[in-house]
Amino acid sequence: MLSVQDTNTPVTFSPELLDKFADVVSRYPYGKQKSALLPILHLVQAEYGWVSVPAMDSVANFLSIQPIEVYEVASFYTMYFLKPQGKYMLEVCRTGPCEIVGATPIMEHIEKTLGVKEGDVTPDGLFSWRGVECLAACGFGPVLQIGPEYTFYENLTPESVDQLIGDLRAKS
Amino acid sequence: MARKLLLEHINVPGINTFDVYRSKGGYAAVEKALKTLTPDEVVEEVKKSGLRGRGGAGFPTGMKWSFLAKPAGVARYLVCNADESEPGTFKDRYLMTYIPHLLIEGMIVASFALGANTSYIYVRGEMMPQIRILEKAIAEAKAKGFLGKNILGTGYDLELYVQPGGGAYICGEETALLESLEGKRGNPRIKPPFPAIAGLYGCPTVVNNVESIAAVVPIINDGGDEYAKIGIGRSTGTKLISAGGNLRKPGVYEIDLGLPVEEFLYSDEYCGGIANGKRLKAVVAGGSSVPILPANLFMKTINNEPRLMSYESLAEGGFVSGTMMGSGGFIAYDEDQCIVRNTWNFARFYHHESCGQCSPCREGTGWMEKVLHRLEYGHGKMSDMDLLVDVSKKIEGNTICPLGDAAAWPVASAIRHFRDEFEWHVTHPHEATTRNFGLAHYADPLPKLEVAAS
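Residues numbered from 1 in each chain as written. Chains lettered and ligands numbered in written order. Predicted model: local features only at pLDDT ≥ 70, side-chain atom pairs only at ≥ 80, totals over all residues. Heavy atoms only, no water.

Chemist: Just to check I follow, could you spell out the interface of chain B and chain A for this structure?
Modeler: One widely used convention gives an interface's size as the accessible area the parts lose upon coming together. Contacts between chain B and chain A engage 58 residues on the former and 39 residues on the latter. Where chain B abuts chain A, roughly 3,800 Å² becomes buried across the two surfaces, and 57% of that area is made up of carbon and sulfur atoms. Across the chain B-chain A interface, the total number found is five salt bridges. In this structure, Arg 132 of chain B engages Glu 149 of chain A in a salt bridge whose closest nitrogen and oxygen atoms are separated by 3.6 Å. Broken down by secondary-structure element, the contributors of at least two residues to the side of chain B that touches chain A are β2 (118-123), α7 (128-143), β3 (159-164), α8 (174-181), β7 (238-245), β13 (329-334) and α15 (339-353) of chain B. Considering each element in turn, the side of chain B that touches chain A owes the most residues, eight residues, to α15 of chain B. Here the side of chain B that touches chain A is composed, by residue class, of 24 nonpolar, 21 polar and 13 charged. (Contact = heavy atoms within 4.5 Å. Buried area = accessible area lost by both parts, 1.4 Å probe. Salt bridge = Lys/Arg side-chain N within 4 Å of Asp/Glu carboxyl O. Helix = DSSP H or I, 4+ residues; strand = E, 2+ residues; numbered from the N terminus. Nonpolar A, V, L, I, M, F, W, Y, C, P; charged D, E, K, R; others polar.)

Following this line, the structure appears as structure tokens:
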């Protein structure tokens, strides 16, 4: 069974978002519009912060494919959030090369600073955090990225993480 | 100073823009290929160069291109594999970030050689900044007439698109990548048929790594024979090495293949030695999936010859005392690093990233992770090492794609070379995570360098 947080809120995509969908579909041969599924799910997530079941149903409708085809893709890839997250999701690389230069203490520091466990949302709705697998910046670890822009921060220290979190709080 | 074919202009301000890239001789390979060569002649130059796939497999690129089926009336595709997710490897991200037009130029030349009129660069979704960089560069190239209809008036048409992935290491496997590009889960396909016969949308397709495609540019500019003069034996040309771990100067380096590993590790031109004046304990030479080697076996082959950064030299000794070039993801471990913890970390990675299609991989990677976790945290048994070797053997070679092998090799090699460290974790359960486990493997043939902390 698909592990998602359900919501009955219907999703109607804006004309601007539909234009972006159409632009993506135009990249593939006629009849191969399903290729647009991953890019479109990224666009949906950038707009809403996560992908809900009604949003996936609307994507299926737009692409003329079955809803299950969207669910199975959204649940396979780790980048799609199937439940709401904080406005800023801090994703820390926890794999080998980052681990040996201190990823674990950075994750512990983030947990302590934000006061929420991995995958949870801070009460103000601003932050979530999680450990993720290799982010391809192994020479500059520890690293983290923040969606939906996926801005990247390298050579982290507890101090630089505090600065980063403080800046994001001030921005909001 | 070694020559730079790919990174020569990497530090030129504005090299990520079309105009600066062009002013440094950029897009000359497109002009040469499209205006003076036939597609078959381009393939021939790549064959002559001896270029081997830089993504990890090391298969000859020109030969791969020549396998492409060319039925009449059927579209052909070139797909660039930019799903760089192998722990230890970050060269493609670097190249796309700083010199995106090099990849785009290579894509145009390679697409022309293969007769592809639509090509895709499949970039891992996490690299959104790089996706934006590539899209901007593609728009620039198109505005200047290097993409689109009738490129440079030669009658050749090419549309180039960037496709974001969804965050799955398995999509670095070429058939899983094609499934993903078709909007599906990244489950690898059974081969044959190979993509050269039935790839994207069932059409003949070539999938090449970012670095392989970028290398086509100097090959066409200088000629395949010139490229083949660089390197040693069948390891021709230059190679990007992404060096990380406990190094004084981690980063991406372009080396001539055949460079002695000692020079790469210790000279100031490259890694500058081990950080904080510590000693080298072990090296993973080609990304996390290749066998780990203790320092003494890495520096010299079993025949006591200096080890070289080449496909053949790194593989010398097979999996008993050798390793692989892989993708060039170089990870150095200093004397304080715990091999058990590192092996557990990698096992967790492969368990997380297994697509779940084949039972040996889906179940076996989970078993390995669990057993390694209990060893690392002081609950292991002496029989665990044999159990891990047994599980790794049952995964290796028994899966559709090589992810199973990639998961098995780090575990099997770590136990082969560092078994006493695993046993120490069993006999010293309370100290297991403190990492004070003696110096058995620090047989570094080089003196400890007196260097300042980086």
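Chemist: Please clarify how the nonpolar core should be interpreted in this entry.
Modeler: Inside soluble globular proteins, nonpolar side chains tend to come together where they are buried. All names here are of chain B. In terms of nonpolar packing, the biggest core is built from 156 residues, with Trp 65 and Phe 422 touching the most fellow members. At ten residues, helix α6 (residues 100-114) tops the list of elements feeding residues into this core. In contact with Trp 65, not counting residues within four places along its chain, are Val 42, Val 43, Val 46, Ala 110, Ala 113, Leu 114, Val 206, Asn 208 and Val 216. In terms of nonpolar packing, the next biggest core, distinct from the first, is built from 28 residues, Phe 264, Tyr 266, Ala 285 and Met 325 among them. (Core = buried A, V, L, I, M, F, W, Y, C linked by side-chain atoms within 4.5 Å. Buried < 20%, exposed > 50% of the residue type's maximum accessible area, 1.4 Å probe, protein only.)

Chemist: Even after reading the chapter, I still don't get the side chain of Gln 45 of chain A, so can you show me in this structure?
Modeler: Residues and elements named next belong to chain A. Among the secondary structure elements, Gln 45 is positioned in helix α2 (residues 37-48). Note on Gln 45: relative accessible area 8%, which makes it buried. Of the polar contacts made by the side chain of Gln 45, one reaches the backbone oxygen of Met 79; its length is 2.8 Å. Gln 45 has contacts with Trp 50, Val 51, Met 79, Tyr 80, Phe 81 and Tyr 150, leaving out every residue within four places of it along the chain. (Polar contact = N/O pair within 3.5 Å; in protein donor to acceptor, adjacent residues only side chain to side chain.)

Chemist: Explanation requested: helix α4 (residues 67-76) of chain A in the structure shown.
Modeler: Within an α-helix, residues lying three or four positions from one another point in the same direction, as the helix has 3.6 residues per turn. Restricting attention to buried positions, one finds in α4 of chain A the residues Val 70, Tyr 71, Val 73, Ala 74 and Phe 76 of chain A. Against the buried residues of α4 of chain A lie α2 and α3 (53-63) of chain A.

Chemist: Even after reading the chapter, I still don't get the packing of aromatic side chains, so can you show me in this structure?
Modeler: Remark: the centre distance and the inter-plane angle together describe each pair of aromatic rings, the angle taken between the planes. Tallied over the full model, the rule gives 28 aromatic pairs over all chains. Both rings, one in Phe 59 of chain B and one in Phe 67 of chain B, keep their centres 6.1 Å apart while their planes meet at 45 degrees; by these two values the pair is tilted. Using a relative accessible area of 46% as the deciding quantity, one classes Phe 67 of chain B as partly exposed. Look at Phe 264 of chain B and Tyr 270 of chain B: their rings are 5.5 Å apart centre to centre, the planes differ by 40 degrees, and that puts the pair in the tilted class. Summarising the burial analysis for this pair, Phe 264 of chain B and Tyr 270 of chain B share the class buried. The ring of Tyr 311 of chain B is capped by Arg 52 of chain B, whose NZ or CZ atom sits 4.2 Å from the centre of that ring. Above the plane of the ring of Phe 152 of chain A lies Arg 93 of chain B, whose end atom (NZ or CZ) is 4.0 Å from the centre. (Phe/Tyr/Trp six-rings, centres within 6.5 Å; stacked < 30°, edge-to-face > 60°. Lys NZ or Arg CZ within 6 Å of the ring centre and 35° of its normal.)

Chemist: Explain the environment of Arg 94 of chain A to me, please; I cannot follow it from the model alone.
Modeler: Positionally, Arg 94 of chain A belongs in the loop between β1 (88-93) and α5 (96-100). Residue Arg 94 of chain A is classed as buried on the basis of its relative accessible area of 16%. Residues Arg 94 of chain A and Ala 46 of chain A, spaced 48 residues apart in sequence, show a C-alpha to C-alpha distance of 24 Å. Among all residues touching Arg 94 of chain A, those that are not within four sequence positions of it are Glu 99, Ala 103, Met 107, Glu 118, Gly 131, Val 132 and Glu 133 of chain A together with Asn 345, Arg 348 and His 352 of chain B.

Chemist: Hey, could you run me through the sheet that holds β13 of chain B in this one?
Modeler: The strands that make up a sheet pair up through hydrogen bonds in the backbone, lying either parallel or antiparallel. Taken together, five strands build an open sheet; the order of strands is β8-β7-β13-β10-β11 (chain B) and the sheet is mixed. Two strands in the sheet have a free side with no partner beyond their single neighbour: β8 (251-256) and β11 (293-294) of chain B. (Pairing = 2+ DSSP bridges.)

Chemist: Is there a simple way to explain the pattern of salt bridges in this structure?
Modeler: Pairing is possible between side chains that carry opposite charge, provided their charged atoms lie close to one another. All names here are of chain B. Under the definition given, this model contains 40 salt bridges over all chains. Here Arg 279 ties to Glu 335 by a salt bridge, and the two come within 3.8 Å at their closest N and O atoms. A residue pair is termed long-range when its members are at least 10 positions apart, and Arg 279 in the loop between α11 (261-266) and β10 (280-284) and Glu 335 in the loop between β13 and α15 qualify at 56 residues. The exposure class of Arg 279 is partly exposed, given its relative accessible area of 26%. Across the pair Asp 386 and Arg 419 runs a salt bridge whose closest N-O atoms are separated by 2.7 Å. Of this pair, Asp 386 sits in helix α17 (residues 384-395) while Arg 419 sits in helix α18 (residues 403-427), and the two are 33 residues apart along the sequence.

Chemist: What is the right way to look at the confidence of the model for chain B in this model?
Modeler: Caution applies to low-pLDDT regions: their predicted coordinates should not be interpreted in detail. Residue and element names in this part refer to chain B. For chain B, per-residue confidence averages 93 on the pLDDT scale, and residues scoring 70 or more make up 95% of the total. Across residues 438-454 the pLDDT falls below 50, and counting only partners more than four positions away or on other chains, this stretch makes 38 contacts in the model. Across the interfaces of the predicted complex, the ipTM metric reaches 0.95, alongside a pTM of 0.94. (pLDDT = per-residue confidence, 0-100.)

Chemist: Help me out: how do you make sense of the environment of Pro 105 of chain A in this one?
Modeler: Residue and element names in this part refer to chain A. Mapped onto the fold, Pro 105 is located in helix α6 (residues 103-114). For Pro 105, a relative accessible area of 48% translates into the label partly exposed. Here the alpha-carbon distance between Pro 105 and Thr 157, two residues 52 residues apart in the chain, equals 9.1 Å.

Chemist: Any chance you could explain the sheet that holds β3 of chain B here in plain terms?
Modeler: Residues and elements named next belong to chain B. As summarised here, the arrangement of the four strands in space is β3-β2-β1-β4, forming an open sheet in which the pairing is parallel. Each edge of the sheet is formed by a strand with only one pairing partner; in this case those strands are β3 and β4 (205-209). Strand after strand, the sheet turns through a mean of 20 degrees between neighbouring axes, direction not considered. Relative to β2, strand β1 (residues 77-82) is paired through six bridges, and the arrangement is parallel. Bridged to Val 79 within β2 is Tyr 120. Here α7 sits on the sheet in contact with β2 and β3, set at roughly 170 degrees to β3. (Axes fitted to C-alpha atoms, helices over the stretch in contact; angles between N-to-C directions.)

Chemist: What exactly am I supposed to notice about the packing of α6 of chain A against helix α7 (residues 158-171) of chain A here?
Modeler: Residues and elements named next belong to chain A. Across the interface, α6 lies against α7 with an axial gap of 10 Å and an inter-helix angle of 40 degrees. When the axis of α6 is compared with that of α7, the two are oblique. When you trace α6 past α7, the crossing you get is right-handed. Each of Ile 106, His 109, Ile 110, Thr 113 and Leu 114 in α6 lies in contact with α7, whose residues at this interface are Pro 158, Val 161, Asp 162, Ile 165 and Arg 169. Each residue belonging to the contact of α6 with α7 can be placed in one class, and the counts come to six nonpolar, two polar and two charged. (Parallel < 35°, antiparallel > 145°, perpendicular 65-115°, else oblique. Left-handed = near helix turned anticlockwise from the far one by under 90°.)

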